[in-house]
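Residue-level structural notes
Letter by letter, the chains look like this.
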Amino acid sequence: MEFLTSRVTLLVCGAVLIGTVALPFGDLLESDENDAKEVIAHSAASIIDMYRESGLDELTVRGTEILPSPSSYITADGHTVILHADGREYTAATGSVTEGITITFGETTTLFLEDGKVRARRTSRRPSSQPLRTCRCPDGCCTGTPRRGRSRGSRGNRSRSGHSACPNGS
């Protein structure tokens, strides 16, 4: 009976010890994720500022390249840039005056300067119901490749092996 009691006590102490060590790690991972999203918001603000200072006529921004997930989007109005992600808002300041800028995941937006303000117009949008085209090569290694490619039966330039969408280009 003493042996059983000591083992149960050991098990309970081990569970408490694991719980006290594991909880801070969960908070640390969540903190890192929040920090990364704050960096994205500040990066978006610096993109706007750099565009304003560059003297370019237009700047094209693809939401898929700067946003962390399909449900996230960026808005900018006045001197404030806000990343909306996972039900939270991450704010950054910009030195440029902006008006009505919204960048979403599946679209391409063109920034332009008008009346001293940085504004935006949607250049293209991929319908959410239309997935990115992917290719399946004869060996099955190209499945899910995010590159646009041609499958075996398509017209146009392609490799003889049908691996036109392979990441290794074989």
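Just so we're clear, the structure is a prediction, and the values are computed from it rather than from any experiment.

Criteria and cut-off values
Residues numbered from 1 in each chain as written. Predicted model: local features only at pLDDT ≥ 70, side-chain atom pairs only at ≥ 80, totals over all residues. Heavy atoms only, no water. Salt bridge = Lys/Arg side-chain N within 4 Å of Asp/Glu carboxyl O. Helix = DSSP H or I, 4+ residues; strand = E, 2+ residues; numbered from the N terminus. Buried < 20%, exposed > 50% of the residue type's maximum accessible area, 1.4 Å probe, protein only. Polar contact = N/O pair within 3.5 Å; in protein donor to acceptor, adjacent residues only side chain to side chain. Contact = heavy atoms within 4.5 Å. Phe/Tyr/Trp six-rings, centres within 6.5 Å; stacked < 30°, edge-to-face > 60°. Lys NZ or Arg CZ within 6 Å of the ring centre and 35° of its normal. 1 Å grid on protein atoms, 1.4 Å probe; cavity = no way out; pocket = protein on both sides within 12 Å on 5 of 7 lines; lining within 4 Å. Points joined across faces, edges and corners; volume = space filled by probe spheres on them.

**Some remarks on the pattern of salt bridges**
Tallying each qualifying case throughout the model produces seven salt bridges. The shortest N-O distance in the salt bridge between R119 and E99 comes to 3.2 Å. In this pair, R119 sits in strand β5 (residues 117-125) while E99 sits in strand β3 (residues 88-104), placing the two residues 20 residues apart along the sequence. Counted as one network, the salt bridges with shared partners bring together E99, E114, K117 and R119.

**Here we look at the side chain of T109**
Along the polypeptide, T109 turns up in strand β4 (residues 107-114). The buried category is assigned to T109, whose relative accessible area is 1%. Of note is the side chain of T109, whose polar atom sits 3.0 Å from the side chain of E107. With residues near it in sequence (within four places) discarded, T109 still touches L59, T60, V61, T102, I103, A120, R121 and T123.

**Here we look at the packing of aromatic side chains**
Under the definition given, this model contains zero aromatic pairs. Positioned over the ring face of F112 is R121, at 4.8 Å from the centre of the ring.

**Brief notes about empty space enclosed by the protein**
Here the structure, examined in full by the defined rule, presents one cavity of 30 Å³ or more. Empty space within the largest cavity amounts to approximately 40 Å³. A44, I47, I48, V61, I66, I74, I103 and L111 together form the lining of the largest cavity. With three residues, the top contributor of residues to the lining of the largest cavity is helix α1 (residues 2-54).

**Brief notes about the environment of T110**
Residue placement: T110 occurs in strand β4. For T110, a relative accessible area of 4% gives the class buried. C-alpha of T110 to C-alpha of R121: the two residues are eleven residues apart in sequence and 5.4 Å apart in space. Residues in contact with T110, not counting those within four places in the same chain, are E58, L59, T60, R119, A120, R121 and T123. At a separation of 2.4 Å, a polar atom in the side chain of T110 contacts the side chain of T123.

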